[in-house]
Amino acid sequence: MTALALATALTLTACEGAADPAPKDTAAPTTPTGVTATAGSASTVHVMWSAAADDRAVTGYAVYREGREVKAVPATTLMTDVVGLTPATRHRFTVRARDAAGNVSPPSATVTATTLPAAAEDRTPPTAPTGLRVTADGSRAATLRWSPARDDTRVTAYDVYQADARVHTVPGTATTARLTGLRPGTAYAFTVRARDAAENSSPDSTPADLTTAPSPGAPPNTAPRDLTATAGQGEITLTWTPPRTGAPVTHHELHLNGRFTTTIIWGTTPPPGRATYTFPVQDPPGTRYTVTLRAQLPDGTWGDFSAPRTVVVR
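Just so it is clear, the model here is predicted, and its values are computed rather than measured.

Calculation notes
- Residues numbered from 1 in each chain as written.
- Predicted model: local features only at pLDDT ≥ 70, side-chain atom pairs only at ≥ 80, totals over all residues.
- Heavy atoms only, no water.
- Helix = DSSP H or I, 4+ residues; strand = E, 2+ residues; numbered from the N terminus.
- Buried < 20%, exposed > 50% of the residue type's maximum accessible area, 1.4 Å probe, protein only.
- Salt bridge = Lys/Arg side-chain N within 4 Å of Asp/Glu carboxyl O.
- Phe/Tyr/Trp six-rings, centres within 6.5 Å; stacked < 30°, edge-to-face > 60°.
- Lys NZ or Arg CZ within 6 Å of the ring centre and 35° of its normal.
- Pairing = 2+ DSSP bridges.
- Axes fitted to C-alpha atoms, helices over the stretch in contact; angles between N-to-C directions.
- Core = buried A, V, L, I, M, F, W, Y, C linked by side-chain atoms within 4.5 Å.
- Contact = heavy atoms within 4.5 Å.

Chemist: So what about the environment of Tyr-158? Which residues, and what values?
Modeler: Relative to the helices and strands, Tyr-158 is located in strand β10 (residues 155-162). With a relative accessible area of 1%, Tyr-158 lands in the buried category. For the pair formed by Tyr-158 and Ala-27, sequence separation is 131 residues and the distance between their alpha carbons is 38 Å.

Chemist: Help me get a handle on unusual backbone geometry, residues and values and all.
Modeler: Residues apart from glycine generally show negative phi values, whereas peptide bonds are mostly found in trans. Look at Asp-164: it is not a glycine, yet its phi comes out positive at around 65 degrees. Despite not being glycine, Glu-199 shows a phi value in the positive range, around 70 degrees. Examined against the element boundaries, Glu-199 turns out to sit in the loop between β13 (187-196) and β14 (208-211). We classify Glu-199 as partly exposed; its relative accessible area is 34%.

Chemist: Can you break down the pattern of salt bridges residue by residue, with the values?
Modeler: Summed over all chains, the structure comprises 15 salt bridges. With a shortest N-O distance of 2.8 Å, Arg-195 and Asp-159 are connected by a salt bridge. Placement of the pair is Arg-195 in strand β13 and Asp-159 in strand β10, with a sequence separation of 36 residues. Side by side, Arg-195 and Asp-159 carry an identical accessibility label, which is buried. A salt bridge links Asp-209 to Arg-309; its shortest N-O distance comes to 2.6 Å. Taken together, the residues span a long stretch of sequence, with Asp-209 in strand β14 and Arg-309 in strand β21 (residues 309-312) at a distance of 100 residues. Of the residues examined, Arg-309 reaches a relative accessible area of 13% and is grouped as buried. Within the structure, one salt-bridge network assembled from shared partners comprises Asp-81, Asp-159, Arg-166, Arg-195 and Glu-199.

Chemist: Tell me about the packing of aromatic side chains, residues and numbers included.
Modeler: Applying the stated rule across the entire model yields five aromatic pairs. With 5.6 Å between their ring centres and 55 degrees between their planes, Trp-49 and Tyr-61 make a pair best called tilted. Pair noted here: Trp-49 is in strand β2 (residues 45-50) and Tyr-61 is in strand β3 (residues 58-65), with a separation of 12 residues, a long-range link. Since its relative accessible area comes to 5%, Trp-49 is described here as buried. Its relative accessible area of 2% is what places Tyr-61 among the buried residues. Consider the rings of Tyr-188 and Phe-190, whose centres lie 5.8 Å apart with planes at 10 degrees: the pair is stacked. Taken as a pair, Tyr-188 and Phe-190 share a single burial class, namely buried. Against the face of Tyr-161 rests Arg-193, its NZ or CZ located 3.8 Å from the ring centre.

Chemist: Please set out the sheet that holds strand β18 (residues 259-265) residue by residue, giving values where relevant.
Modeler: Sheets are built from strands that pair by backbone hydrogen bonding, the pairs being arranged parallel or antiparallel. Spatial strand order, β18-β17-β20-β21: four strands in an open sheet with antiparallel pairing. Of all the strands in the sheet, just β18 and β21 have a single pairing partner and so form its edges. Along the sheet, successive strands turn relative to each other by an average axial angle of 30 degrees, direction set aside. Note: strand β20 (residues 288-295) against β21, four bridges, orientation antiparallel. By the bridge assignment, Thr-290 is partnered in β21 with Thr-310.

Chemist: Let's hear about the nonpolar core: which residues, and what values?
Modeler: By size, the foremost hydrophobic cluster in this structure holds 20 residues, and its most contacted members are Val-134, Leu-144, Trp-146, Tyr-158, Val-160, Phe-190 and Val-192. A total of four residues in this core trace back to one element, the largest contributor, which is β13. Residue contacts for Val-192: discarding those within four places in its chain leaves Pro-129, Leu-132, Leu-144, Trp-146, Tyr-158, Asp-159, Val-160, Pro-203, Asp-204 and Ser-205. If you look at the next biggest cluster of nonpolar residues, it comprises 18 residues, including Val-35, Val-45, Tyr-61 and Val-95.

Chemist: So, the side chain of Ser-105: which residues are in play, and what are the values?
Modeler: As for its placement among the helices and strands, Ser-105 is situated in the loop between β6 (90-99) and β7 (111-114). Here Ser-105 is in contact with Ala-28, Pro-29, Thr-30, Thr-31, Pro-32, Arg-96 and Ala-97, once residues within four sequence places are set aside.

Chemist: Which residues make up the sheet that holds strand β8 (residues 130-136), and what are the values?
Modeler: Strands sit in the order β8-β9-β12 across an open sheet of three strands; the sheet is antiparallel. One side of each edge strand has no neighbouring strand; the edge strands of this open sheet are β8 and β12 (176-180). Direction aside, the axes of adjacent strands within the sheet are offset by 20 degrees on average. Where β8 meets strand β9 (residues 141-147), five bridges bridge the pair, whose relative direction is antiparallel. Across the sheet, Thr-130 pairs through a bridge with Ser-147, a residue of β9.

Given below as structure tokens:
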């Protein structure tokens, strides 16, 4: 075989052994479902939807008003506020999902919402909703119920918060909300705020705690229970009930706004029943903290996080 023929044969062999390129992604995500639109004021509408699916991964969603894209959000976000709308006007919304290859789902079913009429200047917030309670719907959903708030004009929406982040909105005529996408075996704390047409929000309701059922075969939840957080002058005091672990709990981790802050250690036998810990804060008044705790278990690992509490620096 000549040198040229040998080189050609080697080249062909190398080409035949090369891996085929990954197939191009041409499959669009599924259409988002469960789309709702709720007018929160004379110029805003809150749009929510359920997650779409994709053969690889959904990377984002686009919200359309009257067929024109007005908002783009990441795949982890399933709601948004559309602002700057005309008062007392009926608006139509749809949602589409996108993947990394740029494939776009068909538009969702169209939903409508009519913004509220423009009103005279209103600076009075509604009262806080009362009687908030929560019941589990399996291990991944929950239903909240509360008694109505009062306002000098009228309540136009209720916003549900989890760890000081809004996770759901319902019209002002509703006193229930169903939450989905929860994690099994997890401690949650929910609060509700009332809102009026001028976007004034009430104080938080009293928190309602829920620990979802664990997955089949998973161990029981080990979170500290009944956490309270009270702001004093330049300090915050926490009280809680340690989890039952079969041994005294001598170490707890304190997290503020989702970040580890310090380890609380009892040098002697921990106190029976409720535990208390006070720590200084130097942030200006009005600063909000989300507080969580977890306990060190007898095997040295860290247990589940408590339901969060929000506290405002005085």
